[in-house]
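Per-entry structural report
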Amino acid sequence: MNRLARKVILICFAFTITTLSPMSIASPVFKLEMEGDFEGNYDKISQSLDANKFFVIFEPNIGSSLNHFKERWGDQYNQNGYEEIQSLVFCNPWYVNQILNKDPEMAALCPLSVTLLHKNSNTTVLFLRPSQQKPSSPAQALLIELENDIVNALEQAQSAE
């Protein structure tokens with residue numbers, strides 16, 4: 001390999017490394033695990049969101065809704081065997097206002113939600129990262145801040161175990 005080819009490869013490599021932020025390669029789904037009973041884990045998540053000014057406005061019990069289709073779906077029903085599937089739908093008015101000011105299109109994020117999947121004394125908490133929805137948004141810095149605040153709230157709930 002000649003000297004020029006090496007320089008081109010090094011420049012391309014350096015450019016690639018410096019332009020890829022950790023957020024751009026992160027999974028669009030934040031996930032954490034909590035041991036224990038579902039109700040206790042659910043309460044910890046709900047209380048932590050509330051303590052961090054993310055107000056729960058709706059609590060859909062997805063597992064109960066799916067259960068109505070158990071007979072119709074037969075062997076296609078709940079193949080992963082989740083004992084509980086529930087979401088917490090929440091909002092923070094300050095963030096909504098700030099995001100609307102910067103990028104009204106991102107109002108599609110409101111309200112936000114986390115989904116809890118539970119089986120065998122383990123609750124998996126899933127949250128779609130706002131920063132991964134539209135990386136070119138004029139509100140991107142705010143979306144990252146929002147995401148970090150929510151992740152912090154979820155991790156606080158996890159550490160309350």
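Residues numbered from 1 in each chain as written. Predicted model: local features only at pLDDT ≥ 70, side-chain atom pairs only at ≥ 80, totals over all residues. Heavy atoms only, no water.

Looking now at the layout of surface pockets. In this model, the largest pocket occupies a volume close to 150 Å³. What lines the largest pocket is simply Val29, Leu109, Pro111, Leu112, Ser113, Thr115, Leu126, Phe127, Leu128 and Gln133. Residues belonging to the lining of the largest pocket are distributed by class as follows: seven nonpolar, three polar and no charged. (1 Å grid on protein atoms, 1.4 Å probe; cavity = no way out; pocket = protein on both sides within 12 Å on 5 of 7 lines; lining within 4 Å. Points joined across faces, edges and corners; volume = space filled by probe spheres on them. Nonpolar A, V, L, I, M, F, W, Y, C, P; charged D, E, K, R; others polar.)

Together, Asp37, Glu39, Asp43 and Glu59 line one region of the surface with negative charge. Among the structural elements, glutamate 39 can be located in helix H3 (residues 38-51). (Patch = residues over 30% accessible without salt bridge, like charges linked within 9 Å, V, L, I, M, F, W, Y side chains within 5 Å. Areas by Shrake-Rupley, 256 points an atom, 1.4 Å probe, with all protein chains shown as cover. Salt bridge = Lys/Arg side-chain N within 4 Å of Asp/Glu carboxyl O. Lys, Arg positive; Asp, Glu negative; His and termini not counted. Charge placed at Lys NZ, Arg CZ, Asp CG, Glu CD. Helix = DSSP H or I, 4+ residues; strand = E, 2+ residues; numbered from the N terminus.)

The next thing to look at is the sheet that holds strand E3 (residues 84-91). Taken in spatial order, the five strands make up an open sheet running E1-E5-E4-E3-E2, and their pairing is antiparallel. Either end of the sheet is taken by a strand with one partner, and the two such strands are strand E1 (29-35) and strand E2 (55-58). Taking the axes of each pair of neighbouring strands and ignoring which way they run, one obtains an average angle of 30° across the sheet. Relative to strand E5 (residues 122-128), E1 is paired through seven bridges, and the arrangement is antiparallel. Looking across to E5, one finds that methionine 34 is bridged to threonine 123. Sitting on the sheet, helix H7 (residues 140-159) is in contact with E1, E3, strand E4 (112-119) and E5, with an inclination near 10° to E1. (Pairing = 2+ DSSP bridges. Axes fitted to C-alpha atoms, helices over the stretch in contact; angles between N-to-C directions. Contact = heavy atoms within 4.5 Å.)

Before going further, it helps to examine the environment of glutamine 156. Its location among the elements puts glutamine 156 in helix H7. When the C-alpha positions of glutamine 156 and serine 48 are compared, they lie 6.7 Å apart, and in sequence the two are 108 residues distant. Excluding anything up to four places from it in sequence, glutamine 156 contacts Ser48 and Asn52.

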